[in-house]
Amino acid sequence: MTKLHLFNTKTRQIEEFIPQNPANVKIYTCGPTVYNFAHIGNFASYIYWDLLVRTLKINHLTPHRIINITDVGHLASDADDGEDKLEKGAKRENKTVWEIAKFYETAFIKDFNALNLLPPTKFCRATDYIREDLEVINTLIERGYTYETSDGIYFDTSKFATYADFARLDLDNLRAGARVDFNSEKRNVSDFAIWKFIKPGEDHAMQWDFQGKKGYPGWHLECSTISHFELGEPLDIHAGGIDHIPIHHTNEIAQSEAAFGKTMANYWLHANFITIDNQKISKSLDNTYSIQDLRDRGFSPLDFKLWILQGHYQSERNFTFEGLAAAKNRRLHWLNRLAKTLQETTHTENQAALLTQIQKTDYQTTELQEALLTQIQKSDYQTTDLQEKLTAIINQNLNSAEVFAEIDQNELALDDWHFIDKLFGLRFFDSLILPSNEIQTLIKERTEAKQNKDYAKADQIREELKSHNFSILDTNQTSFWQYLESPMI
Ligand code: AMP
Ligand code: ZN
């Protein structure tokens, strides 16, 4: 079997993934700043990292994953100036920063769940780690990596010899390109704040005491702190958006390695961006679609998840609603294939109980069926050659597009669909709404009407079935029920 291989930004190469401990694979994913609804671009990377986590599990590895929630300190510009995004959100909505953070964190987690993304071991809020931040700051001060200016405590990047390595930065060029009016108290252009002081008259609701002055942490610090206290160095995998490479992750590495003296992470994964109609996602273009916006246009969050998984995390993708509609059709087509396979499988008498494993059914369960059901749930699913092949493909740097092509080209057994659901979390089994007894009766009556050549009645029943979202697929031997539209889950 092909072992899992991933593209490591650190080496710019695809490498075999070797965890330190297969039973505890330490993963840290940079999380959302909760000042607004996350847009579909933000969710693209969480979908890719969900695939990563699911792929680890398929490979019998146990992930231990932390996602941070940024609820303080992320300034409008990544370069330590501009307003705190949370404060900005609070003013916009006339609420407190704490209310804003709570509201958008809840909204984020709701969308996260709607996309059926596996929950991390823990979501960690930046504001819950201030004491730990201050410990890290003290260590950095003691080790001589910092200096103080009138507006904060800064990390002196010239003291960290390998600062430019990760992002392959050209520091001379950076220096030359720096704005003339850049913070003149900074010793180097690339230096960054680990702690910001509240300026006299500054309206910053979130504030804590450090050395007798009020302030708040710099944005990059929370990831070093949380990953250290929750997981410890080195992390197996650190993941984030491609935009994090030159500033955020470069700064995280500098802080963590300077403070803790160990490699921060063994593998770094970065997700590329999506554009919408070939334009970047931005407020001014009014294209910051949220998951709810997709719902309002008749798309399930799972249609979007499927659309994302049709591509590769390292490729820039262009989103269009036509493309999303095609993904929605693909999901329906696959669901109907599964429905047909399920019906074919249940034609064998002793597998009738399979029907009952799906929640939304009003079938009568007999004792025998229940016994079979217990067995089915216990035994999980049988591995097939096809699943081995699909695992080998996904193990090549998360090549979901190629797995999708295989799904289109192969006959899949029920067990294979279970495998697909485990690998992609597209909830095919949950989407199967079985026909009620009344619908089953209608289907039977239609078959009889057809046999009696009463086509008018057969057509009339077909129309009635449509209003219940069922269609009929006739084959030479038998008829199968299918869905007209995939359920909105
Ligand atoms: P936040 O801190 O919540 O503003 O998260 C923003 C992060 O979402 C960025 O740092 C990117 O990694 C990611 N992101 C933003 N826009 C896009 C996009 N168009 N496509 C993919 N990822 C994006
Ligand atoms: Zn981070």
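Here the structure is a predicted model, which is why all the values come from computation and not from measurement.

Trainee: Give me the lowdown on the nonpolar core, citing residues and values where you can.
Mentor: Residues Phe 304, Phe 319 and Phe 424 are the most contacted members of the largest nonpolar core, which totals 83 residues. Among the elements that line this core, the one with the most residues is helix α1 (residues 40-58), at 12 residues. If sequence neighbours within four positions are ignored, Phe 304 has contacts with Ile 40, Phe 43, Ile 47, Leu 115, Ile 291, Leu 294, Phe 319 and Leu 324. Counting 36 residues, the second largest nonpolar core, distinct from the first, contains Tyr 28, Cys 124, Tyr 129 and Ile 137.

Trainee: So, helix α14 (residues 414-424): which residues are in play, and what are the values?
Mentor: Within α14, eight of the 11 residues are buried, which leaves it mostly tucked inside the rest of the structure. Looking at α14, one finds that the buried residues are Leu 414, Asp 416, Trp 417, Phe 419, Ile 420, Asp 421, Leu 423 and Phe 424. One or two residues past the end of α14 sits Gly 425, with phi positive at roughly 60°.

Trainee: Give a detailed account of the site of ligand 1, specifying residues and quantitative values.
Mentor: Around ligand 1, a shell composed of 13 residues is seen, among which Thr 33, Asn 42, Asp 243, His 244 and Ile 274 lie nearest. Thr 33 is positioned with one of its side-chain polar atoms (N or O) 2.7 Å from an oxygen atom of ligand 1. Within the backbone of Ile 274, one N or O atom sits 2.9 Å away from a nitrogen atom of ligand 1. Protein contact buries 86% of the 490 Å² of open area that ligand 1 shows by itself.

Trainee: Residue-level account of the sheet that holds strand β4 (residues 63-69), with values.
Mentor: The strand order across the open sheet formed by five strands is β5-β4-β3-β11-β12, and the pairing between neighbours is parallel. Across the chains shown, the open sheet's two edge strands, defined by having one partner strand only, are β5 (122-125) and β12 (265-271). Averaged over neighbouring strand pairs, the angle between their axes works out to 20° when direction is ignored. Against the sheet, α1 engages β3 (25-29), β4, β11 (235-241) and β12, with an angle of about 135° to β12. The strands touched by helix α6 (residues 221-230) within the sheet are β3, β4, β5 and β11, with β4 carrying the most contacts at an inclination of about 150°.

Criteria and thresholds
- Residues numbered from 1 in each chain as written.
- Chains lettered and ligands numbered in written order.
- Predicted model: local features only at pLDDT ≥ 70, side-chain atom pairs only at ≥ 80, totals over all residues.
- Heavy atoms only, no water.
- Core = buried A, V, L, I, M, F, W, Y, C linked by side-chain atoms within 4.5 Å.
- Buried < 20%, exposed > 50% of the residue type's maximum accessible area, 1.4 Å probe, protein only.
- Helix = DSSP H or I, 4+ residues; strand = E, 2+ residues; numbered from the N terminus.
- Contact = heavy atoms within 4.5 Å.
- Near = heavy atom within 4 Å.
- Polar contact = N/O pair within 3.5 Å; in protein donor to acceptor, adjacent residues only side chain to side chain.
- Areas by Shrake-Rupley, 256 points an atom, 1.4 Å probe, with all protein chains shown as cover.
- Pairing = 2+ DSSP bridges.
- Axes fitted to C-alpha atoms, helices over the stretch in contact; angles between N-to-C directions.

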